[in-house]
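An overview of the molecular structure
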Amino acid sequence: MKGRAEDGATRRFATPWALRQPAPCAMAAWQGKQGARGRINQGMSAIVQFENVGLRYGLDSETLSDVSFSLHGGGFYFLTGASGAGKTSLLKLLYLAQRPSRGVIRLFGEDVVTLPRKRLPGFRRRIGVVFQDFRLVSHLSAYDNIALPLRVAGMAESEIDASVSEMLNWVGLGDRGQARPATLSGGEQQRVAIARAVIARPEILVADEPTGNVDADMARRLLTLFEALNRLGTTIVVATHDLPLIGQVQGAQMMRLDKGRLSDPTGALRYPPRPQGVAVS
Amino acid sequence: MTGADRRAAAAARHRLLPEGRVAGPMPWVIAIMMFLTVLAAASGLGLAAAVQSVGADLAGRATIQIVEANADRREELSGAAARLLRKSPDVRAVRPVDPATLADQIRPWLGQDAADGDLPIPALIDVELTPGATAAKVQRLNRVLAALSPRIRVEPHAAFLRPLGSLLTALGSLAAGIVLLMALATAAIVVLAARAAHDSHRGTIDVLHLMGATDVQIARLFQRRIGLDALFGGLLGFVTALLVIILLGTRLAATGSDLLAAISLPWTSWLILALLPIGGVLLSTLAARWTVLRSLGRLL
Ligand SMILES: Nc1ncnc2c1ncn2[C@@H]1O[C@H](COP(=O)(O)OP(=O)(O)OP(=O)(O)O)[C@@H](O)[C@H]1O
Ligand SMILES: [Mg+2]
């Protein structure tokens with residue numbers, strides 16, 4: 001593991017499963033890649049902006065109303081709320097599985113609501129998603145599931161092999177690569193889903209209840225994984241019921257949905273940004 | 001990308017849809033369709049070839065009949081007609097039929113008496129016209145010869161075969177229509193199969209879609225698999241139909257009939273038949289692509 005971490009020339013993951021502080025060279029490789037893409041998602045620039053977003057399914061009343069917030073590149077965000085409050089719906093808007101009924105959504109500085117349909121895939125490739133129900137492809141091995149985003153992006157097979165093997169080790173499934181999802185435990189499936197979500201090094205990682213199906217220990221380990229990614233520059237958005245979990249990530253910010261409306265307990269998510277020192281009403 | 005890399009990528013793409021046929025019984029239906037299509041096309045092409053070869057033989061020919069009971073008068077008229085014909089610019093060759101030959105030919109039917117001159121046999125002159133505008137030339141000859149005697153008649157050979165020719169043409173059009181309908185039905189089957197395949201792999205498609213796969217990338221998975229299935233079915237149907245055609249061909253040749261022997265396929269027709277399975281695969285691939293793209297277009 002150590003030897004690999006020092007292999008800075010490769011652009012692979014060099015982060016062992018439980019590594020809290022990523023090797024500097026791996027970090028450099030990561031940031032180099034982000035920089036080469038010419039995107040500003042480090043520091044405090046807004047990577048996601050919602051303005052008065054509303055979502056209505058069919059003729060029902062609005063599931064989401066007047067949702068406004070902005071997320072900054074490199075931030076770690078939790079989204080909480082009662083069951084049925086609209087967390088999954090909000091994330092769906094974020095990972096472009098759904099169009100809002102009204103309002104403006106900006107991703108990476110571009111308005112994605114009015115964007116022509118054929119430009120959306122490019123945006124989706126910059127967002128990794130861990131679905132609440134994993135959505136692993138049942139007839140593909142863990143290896144092939146994890147490789148999917150790279151294949152979609154058209155990466156050469158020789159490069160894919162190195163990345164996927166590294167990734168499997170990273171989530172502690174180095175010897176289960178050829179296993180079908182059905183033969184994996186819930187926690188193992190979850191880790192495959194996470195590996196798949198992050199392998200293409202998305203700029204935003206969206207995770208819907210990623211700790212819903214695992215015990216407290218595994219939840220803690222998954223969170224460590226997200227923190228490692230976050231330190232590498234990925235913006236993390238996690239929807240969860242698990243309030244104690246939120247307290248475990250230092251510097252994380254929280255949004256709470258209440259019947260489709262966003263309350264902003266930390267006051268940090270307001271868009272446009274609220275001037276410093278003003279109390280949250 | 002190296003060759004090995006490309007093969008690995010192709011294998012990975014292949015794995016994306018589960019092993020086995022994605023489109024259920026579609027390949028077998030396509031095999032049956034292709035079999036019938038090739039047979040219909042082959043009979044259409046065979047009939048067209050027959051019409052053409054028989055038509056080409058007869059189109060430029062006519063027989064002049066001099067129906068005159070008086071033998072001397074008949075001979076006189078025959079000579080005069082032949083002279084007129086030789087002068088006509090519409091006529092390439094003039095061959096008066098030897099009365100003896102004619103007598104020989106009708107003897108089996110009319111008996112020895114016919115040849116002895118008791119029975120008035122018309123004098124015949126075979127005429128070969130210059131190519132083109134046969135009908136107008138025949139009319140012109142008719143006018144010129146009628147002026148000589150009302151007992152001279154011009155019989156264009158094409159007229160004998162006209163009813164048969166139009167029957168053959170109708171059958172040929174029917175064959176072409178069948179080929180067209182088969183193509184439509186094949187496309188419809190493929191659209192249904194692609195829609196079913198799309199629905200049953202909905203989960204995989206959604207995941208790929210949300211990962212940023214383009215519609216074309218996803219459609220390509222299906223069009224490739226359905227194209228391969230169509231290739232399998234198409235070749236099976238094609239080869240079976242070919243065996244049947246060759247078998248029928250030997251049977252036709254065995255009849256020894258001139259008319260039936262004219263039903264033979266020139267190499268261009270074989271080429272057209274060979275294009276049918278290729279066309280089938282292309283049609284299936286395009287239909288699958290179109291169907292999947294249309295379904296994907298409904299997603300965000
Ligand atoms: N596709 C849909 N069509 C119609 N209504 C929907 C759809 N998806 C969600 N809803 C409704 O929207 C509301 C919010 O659902 P959502 O899944 O966003 O809640 P959630 O906060 O994720 O809940 P949970 O914590 O149970 O996952 C619910 O009332 C739900 O019934
Ligand atoms: Mg939910």
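Residues numbered from 1 in each chain as written. Chains lettered and ligands numbered in written order. Predicted model: local features only at pLDDT ≥ 70, side-chain atom pairs only at ≥ 80, totals over all residues. Heavy atoms only, no water.

1. Re the overall build of chain A
Here is the rule: Here a strand is any run of E in DSSP of at least two residues, a helix any run of H or I of at least four, and the numbering for each starts at the N terminus. Summary of the burial criterion: residues with accessible area below 20% of their type's maximum are buried, those above 50% are exposed, and those between are partly exposed, where the area comes from a 1.4 Å probe applied to protein chains only. Contacts are assigned to residue pairs with any non-hydrogen atoms lying within 4.5 Å of each other. Here the Shrake-Rupley method, with its probe set to 1.4 Å, supplies the accessible areas, and only the displayed protein chains count as covering residues.
Of the regular secondary structure elements, chain A holds 9 helices and 10 strands. Counting the 281 residues in chain A, one finds 53% classified as buried. By sequence separation, contacts in chain A at least 24 residues apart represent 69% of the contacts at least 6 residues apart. Accessible surface computed for chain A: about 11800 Å², of which carbon and sulfur atoms make up 51%.

2. Comments concerning the nonpolar core
Residues and elements named next belong to chain A. Cut-off, in case you're wondering: Put simply, a nonpolar core is a bunch of buried Ala, Val, Leu, Ile, Met, Phe, Trp, Tyr and Cys residues held in one set by side-chain atoms that sit within 4.5 Å of each other.
Counting residues in hydrophobic clusters, the biggest one holds 43 residues, and the most contacted among them are Phe76, Phe78, Ile146, Val164, Trp170, Leu205 and Phe226. Those elements giving two or more residues to this core turn out to be strand S3 (76-81), helix H5 (142-152), helix H6 (157-170), helix H7 (186-198), strand S7 (204-208), helix H8 (216-231), strand S8 (235-239) and helix H9 (243-247). Discounting chain neighbours no more than four positions away, the residues touching Leu205 are Gly128, Val130, Ala197, Val198, Phe226, Leu229, Thr234, Thr235, Ile236 and Val237.

3. Thoughts on the domain arrangement of chain B
Defined as follows: Each domain span listed reflects an automatic or database assignment of domains.
Per the domain assignment, the segments of chain B are domain 1 (3-55 + 162-299) and domain 2 (68-150). Here domain 1 of chain B and domain 2 of chain B have C-alpha centroids that lie 55 Å from each other.

4. Notes on the pattern of salt bridges
All names here are of chain A. The cut-off we apply is this: Whenever Lys or Arg places a side-chain nitrogen within 4 Å of a carboxyl oxygen from Asp or Glu, that contact is recorded as a salt bridge.
Tallied over the full model, the rule gives 18 salt bridges over all chains. Of the charged contacts in the structure, one is a salt bridge between Glu62 and Arg102, with a shortest N-O distance of 2.7 Å. Of this pair, Glu62 sits in the loop between strand S1 (46-55) and strand S2 (64-72) while Arg102 sits in strand S4 (residues 102-107), and the two are 40 residues apart along the sequence. Of the residues examined, Glu62 reaches a relative accessible area of 22% and is grouped as partly exposed. Classification of Arg102 by relative accessible area gives partly exposed; the value is 31%. In this structure, Glu227 engages Arg220 in a salt bridge whose closest nitrogen and oxygen atoms are separated by 3.3 Å. The exposure class of Glu227 is buried, given its relative accessible area of 13%.

5. A short note on the interface of chain A and chain B
So the rule is basically this: When two parts are brought into contact, each loses some accessible area as probed by a 1.4 Å sphere; the total of that loss over both is the buried area.
Each partner contributes to the interface: chain A provides 26 residues, whereas chain B provides 25 residues. Summing both sides of the interface, chain A and chain B together bury roughly 2100 Å²; the carbon and sulfur share of this comes to 63%. The residue B:Asp215 makes a salt bridge to A:Arg117 at a minimum N-O spacing of 2.7 Å. Secondary structure elements with two or more residues in the side of chain A that touches chain B: helix H4 (120-124), H5 and H6 of chain A.

6. Let's talk about the sheet that holds S8(A)
Residue and element names in this part refer to chain A. Just so we agree on the cut-off: Following DSSP output, two strands are said to pair if at least two bridges run between them. Axis geometry follows a simple rule: fit a line to the C-alpha atoms, using only the stretch in contact for helices, then measure angles between N-to-C directions, giving values from 0 to 180 degrees.
One open sheet accounts for 6 strands, arranged S6-S7-S8-S3-S9-S10; its pairing is mixed. Sheet topology places strand S6 (127-130) and strand S10 (261-263) at the edges, where each strand pairs with a single neighbour. This sheet shows a mean twist of 20° between the axes of neighbouring strands, independent of strand direction. Bridge count between S7 and S8: 5 bridges; the pairing is parallel. The residue of S8 that forms the bridge with Ala207 is Val238. In this fold H7 packs onto S6 and S7, with an angle of close to 170° to the strand it touches most, S6. Relative to S3, H8 is tilted by about 140°, and along the sheet it contacts S3, S7 and S8.

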